[in-house]
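# Geometric and topological summary
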Amino acid sequence: MKGGAPTSVTVLGATGSIGVSTLDVIARNTDRFRVHALTAHSNVDLLFRQCLEFRPDRAVVGSEGLAELLSRRLSAAGLHTDVRGGTEELRDVAAASGSDVVVAGIVGAAGLAPTLAAVGCGKRVLLANKEALVMAGALFMEAVRRHGAEVLPLDSEHNAIFQCLPGGYRRDDPGASGVRRVLLTASGGPFREVDPAELETVTPEQACAHPNWVMGRKISVDSATMMNKGLELAEACWLFGLAPEQVEVIVHPQSVVHSLVEYRDGSVLAQMGNPDMRIPIAHALAYPQRVDSGGDPLDLLRVARLDFEAPDDRRFPCLKLARDALDAGGDACATLNAANEEAVAAFLDGRIGFMDIGRVLARVMEQLPAVAVTSLDDVMAADQRGRVRTRALVAEFEAGRRA
Ligand code: NAD
Ligand code: MG
């Protein structure tokens, strides 16, 4: 906070699960935070209501047509918000000098360019959009270094790890802090105990019914396949400068221990709390201070027990695919991320079955071996290739299901 003036925040993806939770924390702390800009892809109704409540200077939506619609409604309500539409405007607002903090809450590859734009201006970036790091980790972290940006993780596991690392931790030398490895916890999703044979026929609604968290549909399916943990494995390696073998995934069904850091002396530090995204969001918004998040205090007596188990690789093949992609390097993670977005969308549309997601991804990764990347254009080319290949495979699977 500068001289007592409120910190000015831009929320990319304001209408999503992360965006709504962020605005909830801001509403509880209006003396500390003000909203500079809000963005949404298409949910103009919710964005309109958010603009009425938070009175941002600017708003950005997915198209010029939607921008006109929103602008008219806001004018009629007596607000003079500067409303724009389109992907260039999204990048522009992420980089605008009117905000100190940018919350990267867009889902998927669409978040990469605006998040990088905020990094390029040396802002404090609160990162929920893990796909940006998965796709372009090396370029992303190099841009953070070059522009003096600060990335604070919102993903609950990475926020937990961040909280368990010492001040002055250097991602270019984790050993200097005595860090041996991190333990990334996973809830195991809704299908942790479902008979594997039944997984062939589960519906999108069942896959999105997460036992502990209410989230957007894409990340909910990722949690059910455990691809989410695969993406988070890559996210952890990039954020904290760790080798993939220094990150172990353990299933913890209660989602109370959000992750752990193990030190060379055998000490293991964990961060705990109720599964409520407002807690890591409040932590990152106020860092290094603490503010109210609205989250309930943790009642360990009610939780009563904390269980830990190894992930089941046969049930969750996506986790291994992500580890393989991370080991392969180059554009492999960008390819996998793009293929996953396409395959999840196809599953949500009822075009392929739940277990087909992993099968499609395995085929894509086999057919598109890793290529080195040196620029963002290379990453976007891998993203495109991954999507085209996946759509073709989805069509084959779909035809196979009908036959
Ligand atoms: P969501 O689907 O609820 O919301 C996505 C937001 O992104 C919406 O505001 C939408 O308007 C915007 N958006 C979607 N497509 C866009 C496009 N093409 N261009 C511009 N904006 C677009 O998703 P979510 O659950 O809030 O997740 C957002 C990100 O945060 C994801 O990367 C997810 O992995 C990560 N994350 C979410 C949670 C959670 O609890 N929801 C936890 C950890 C990490
Ligand atoms: Mg997470």
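Refer to the structure printed above.
To start, this report covers the structure provided alongside it. Keep in mind the model is a prediction, meaning the values are calculated, not measured.

Time to look at the overall build of the chain. The helix and strand tally for the chain stands at 16 helices and 11 strands. Here the C-alpha radius of gyration of the chain, 21 Å, is about what a compact globule of 403 residues would show, namely 22 Å. On the principal axes, the C-alpha backbone points of the chain span a range of 55 × 55 × 45 Å. In the chain, which comprises 403 residues, the share counted as buried stands at 54%. Considering only intrachain contacts with a sequence separation of at least 6, the fraction spanning at least 24 residues in the chain is 71%. Carbon and sulfur atoms make up 51% of the accessible area of the chain, which totals about 17200 Å².

Let us now look at the pattern of salt bridges. Per the stated rule, a full pass over the model turns up 37 salt bridges. For Glu142, the salt bridge identified is with Arg145, shortest N-O distance 2.8 Å. Of this pair, Glu142 and Arg145 both sit in helix H6 (residues 130–147), separated by three residues, roughly a single helical turn. The class of Arg145 is exposed, set by a relative accessible area of 59%. The closest approach of N and O atoms between Arg387 and Glu341, which form a salt bridge, is 3.0 Å. Here Glu341 lies in helix H14 (residues 332–348) and Arg387 lies in helix H16 (residues 376–402), a separation of 46 residues in the sequence. Here Arg387 and Glu341 have matching classes, each one buried. Counted as one network, the salt bridges with shared partners bring together Lys130, Asp155, Glu157, Lys229 and Glu232.

What surrounds ligand 1 is a group of 22 residues, the closest being Thr15, Ser17, His41, Glu131 and Gly216. Here Gly16 contributes a backbone N or O atom positioned 3.0 Å from an oxygen atom of ligand 1. Interatomic distance of 3.4 Å between a backbone N/O atom of Ala128 and an oxygen atom of ligand 1. For the shell around ligand 1, the secondary-structure elements that each account for two or more residues are helix H1 (17–27) and H6. Counted by class, the shell around ligand 1 contains 11 nonpolar, eight polar and three charged residues.

At their nearest, the axes of helix H9 (residues 217–225) and helix H10 (residues 227–240) sit 5 Å apart, and the two run at 95° to each other. In terms of orientation, H9 lies roughly perpendicular with respect to H10. Contacts from Lys218, Ile219, Asp222, Ser223 and Thr225 of H9 reach H10 at Met227, Asn228 and Leu231. Broken down by class, the residue content of the contact of H9 with H10 amounts to three nonpolar, three polar and two charged.

Residue position: Ser187 is located in the loop between strand S8 (179–186) and helix H8 (204–208). For Ser187, a relative accessible area of 12% puts it in the buried group. Side-chain polar atoms of Ser187 contact the backbone nitrogen of Gly189, separated by 2.9 Å. In this structure the side chain of Ser187 is engaged in a polar contact, spanning 3.0 Å, whose partner is the side chain of His210.

Cut-off values and rules
Residues numbered from 1 in each chain as written. Chains lettered and ligands numbered in written order. Predicted model: local features only at pLDDT ≥ 70, side-chain atom pairs only at ≥ 80, totals over all residues. Heavy atoms only, no water. Helix = DSSP H or I, 4+ residues; strand = E, 2+ residues; numbered from the N terminus. Rg over C-alpha atoms; globule rule 2.2 N^0.38 Å. Buried < 20%, exposed > 50% of the residue type's maximum accessible area, 1.4 Å probe, protein only. Contact = heavy atoms within 4.5 Å. Areas by Shrake-Rupley, 256 points an atom, 1.4 Å probe, with all protein chains shown as cover. Salt bridge = Lys/Arg side-chain N within 4 Å of Asp/Glu carboxyl O. Near = heavy atom within 4 Å. Polar contact = N/O pair within 3.5 Å; in protein donor to acceptor, adjacent residues only side chain to side chain. Nonpolar A, V, L, I, M, F, W, Y, C, P; charged D, E, K, R; others polar. Axes fitted to C-alpha atoms, helices over the stretch in contact; angles between N-to-C directions. Parallel < 35°, antiparallel > 145°, perpendicular 65-115°, else oblique.

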